[in-house]
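A look at the structure
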Amino acid sequence: MSAKLQNWAGNYSYSTENVLYPESVDEIVMLVRQYEKLRILGTRHSFNGIADSDHALVSLARCTPTVRVNHQHRQVTIGANMTYGELCPILHDAGYALHNMASLPHISVIGACMTATHGSGVSNQNLAAQVAALKLVTSSGELVSLSRANDSENFNGAVIGLGGLGVVVELTLDLLPAYEMSQHVYLNLPVESLEVHFDEMMSSASSVSFFTDWRGNSVNQVWLKHRTGDSETFSQRPEFFGALPAVGQMHPIAELSGEGCTRQLGVPGPWHERLPHFRIDSTPSAGNELQSEYFVARHTAADAIRAVGQLRQEIAPHLLISEIRSIAADDFWMSPCYHQDSIGIHFTWKQDWASVQRVLPQIEAELEPFGARPHWGKLFTMAPARLQPLYEMLPRFRELIQRYDPQGKFRNAFLQAHLYGDAV
C-alpha cells in the first residue's frame, strides 16, 4: 500500500492507495488473476480518470524496458514500460526511425497508442498506426497476441483499446530508415492567411503546428518540421504566408524559455530530436497545466477554427496556449480520426479546473456541428449521449471488450460512463 498517486500534471489524484508494482509480465499475470478489478498506470500523462480505479492500480514503473529489433522485417518489439525518450535513441543508433512522435517524448509508447495520441502531418496518422502487433493479458490471465497480418477483424479494435481489453505488455512497431530533420519557427501569421491557405500551409512540411492564444488577429507561432533533403528548403524563405522567421529558440508559450524545446533555426538533427516539441531532459510544456483537445474533419478546419475564435474572450483568460495540428485518417475503431482526415484543436490551460470546466461546454457547443471528438486522455465535459454516436464502431468495440474481459475486470468509472452511458 502507498500514498495516493497523482497524474503527471498534478491535477488528478487517483482514487485508491492500493498501487501495485510488478517487475515482469509473469507478475502482471499473477496480479490480474488475483484481483477482481484493476487498471494500469504508465507514465500517468492522462488528465482525466481514464486510468483510474477504486480498487487496485497496477503501475508499470518498475517493469524493465525491453527492446528487440527485427532487422529482417524492419520492426521493433518493446515491453510495457518503454517511453519514446528511451526507445528512440536506441532505434536511431540501429539505423531506424518512427514515422512520427508526439510533442513530448516523456510518455509511454503503449499509453500513447492506447489513447490515440498523435503528432502532426497531413500524411501522418496517429502514433497507433505504427503498431503491427500487440500482446495483452486478458481478464483471465491469458496472454493473447494480435497482429495486423493475422487478426484484421479485431486488430483495429484492440490497438486503441483504452485499457478496456486487458494489460498490453508488448507492442511491435513498424520502422523506417533513420533520417534527419530541421525545424523552423515563424511568428505572427495573419489569421486571414490561415483561413485562406490552411491546406497549403498544413501540407508545406512533414509536420506543421500552429500556436495561438486566440487574442488577436494573428497566429502567434508556426512550427515547421521537415526532413533534410525535402524539396522545400525553409531556411531560404524570408516569410511564411505573412509570418516572419524567429531569430532565436522559441517556446510555444512565448513567455517561457525556448531552451527546453527541440533545436530550431533550421539546424539539422536526428528525427527524434526534432519531431517532438520538447527535449527529453526538460520539463515538457508548462508542467503546471491542464489539457483538452477536439478533433474535426480537416475539410471543416477554417469554419471550426472560426467557431472557436468566437469564444476568444471566454478562452483567453484561462489559456496558456492552443495548438492546431493535422492528422491523417486511420481504421482504428475508437480513434478520433477513424476514416476522417482531421485536425486537432488543442488547449493547454492554466491549472484552474473551475474556470476551464465552465469554458469547455461552450467550446463543445461551438464544435458540435462539426462532429468534434475529444481526446480520450484529456479533459472534456461532453455527455455520453453526444459522444457515443460519434463512434460508429462502438457497438463492435463493446463486443470486443466482452470477449476479452467478460467480468468487467478492467472497466472503470470512466469507461462505464463514456462507453456505456451509466455509472458503476
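Just so you know, these numbers come straight off a predicted model, no measurement behind them. (Residues numbered from 1 in each chain as written. Predicted model: local features only at pLDDT ≥ 70, side-chain atom pairs only at ≥ 80, totals over all residues. Heavy atoms only, no water.)

1. With respect to the packing of aromatic side chains
Applicable threshold: Aromatic contacts are taken between Phe, Tyr and Trp rings whose centres are within 6.5 Å, Trp giving its six-membered ring; a plane angle under 30 degrees counts as stacked, one over 60 as edge-to-face, and the others as tilted. The buried label applies to any residue whose accessible area, calculated with a 1.4 Å probe on protein chains only, is under 20% of its type's maximum; exposed applies above 50%, and partly exposed to all values in between. Counted as over-ring charges are cases with an Arg CZ or a Lys NZ within 6 Å of the ring centre that also lie within 35 degrees of the ring normal.
If you walk through the whole model with that rule in mind, you get 11 aromatic pairs. A ring pair is formed by Phe 240 and Phe 241, whose centres lie 4.9 Å apart and whose planes are at 85 degrees; its orientation type is edge-to-face. Between the aromatic rings of Phe 347 and Trp 349, the centroid separation amounts to 5.2 Å while the plane-to-plane angle is 10 degrees, which identifies the pairing as stacked. Like Phe 347, the residue Trp 349 is buried in the burial classification. One aromatic cluster is present, built from ring pairs that chain together Tyr 186, Phe 240 and Phe 241. Residue placement shows Arg 62 over the ring face of Tyr 21; its charged tip is 4.1 Å from the ring centre. Arg 227 extends its terminal NZ or CZ atom over the ring of Tyr 179, reaching a point 3.9 Å from the ring centre.

2. A few points about the side chain of Ser 326
Applicable threshold: Strands are runs of DSSP state E lasting at least two residues, helices are runs of H or I lasting at least four, and both sets are numbered from the N terminus onward. In protein, a polar contact means a hydrogen-donor-capable atom and an acceptor-capable atom, both N or O and within 3.5 Å, with residues adjacent in sequence counting only if both atoms are side-chain atoms; elsewhere, any N or O pair within 3.5 Å suffices. Here, residues are in contact when the closest pair of their heavy atoms is within 4.5 Å.
Summarising the element assignment, Ser 326 is placed in strand S17 (residues 319–327). Residue Ser 326 is classed as buried on the basis of its relative accessible area, which comes to 0%. Of note is the side chain of Ser 326, whose polar atom sits 3.1 Å from the side chain of Arg 298. When near neighbours in sequence (up to four residues on either side) are disregarded, Ser 326 contacts Gly 119, Ser 120, Gly 121, Val 122, Met 202, Arg 298, Ser 342 and Ile 343.

3. Quick look at the sheet that holds strand S2 (residues 39–41)
Picture the strands of a sheet paired through backbone hydrogen bonds; they go either parallel or antiparallel. Here is the rule we go by: Paired strands are those between which DSSP finds at least two bridges.
Across the sheet, which stays open at both edges, the 3 strands sit in the order S1-S3-S2 with parallel pairing between neighbours. Edge positions in the sheet fall to strand S1 (19–20) and S2, since each of these pairs with one other strand and no more. Two elements, S1 and strand S3 (residues 57–59), share 2 bridges in a ladder whose sense is parallel. Within the sheet, the bridge partner assigned to Val 19 lies in S3 and is Leu 57.

4. Describing the pairing of strand S13 (residues 218–227)
The element S13 is largely enclosed, with a buried count of 7 among its 10 residues. Examined bridge by bridge, strand S11 (residues 180–190) and S13 share 9 bridges and lie antiparallel to one another. Bridge pairing links His 184 to Leu 224 in S13. Relative to S13, strand S12 (residues 207–212) runs antiparallel, the two sharing 5 bridges. Paired with Ser 207 across the two strands is Lys 225, which belongs to S13. Joining the antiparallel neighbours S12 and S13 is a turn of 5 residues, in which Trp 214 adopts a positive phi near 60 degrees.

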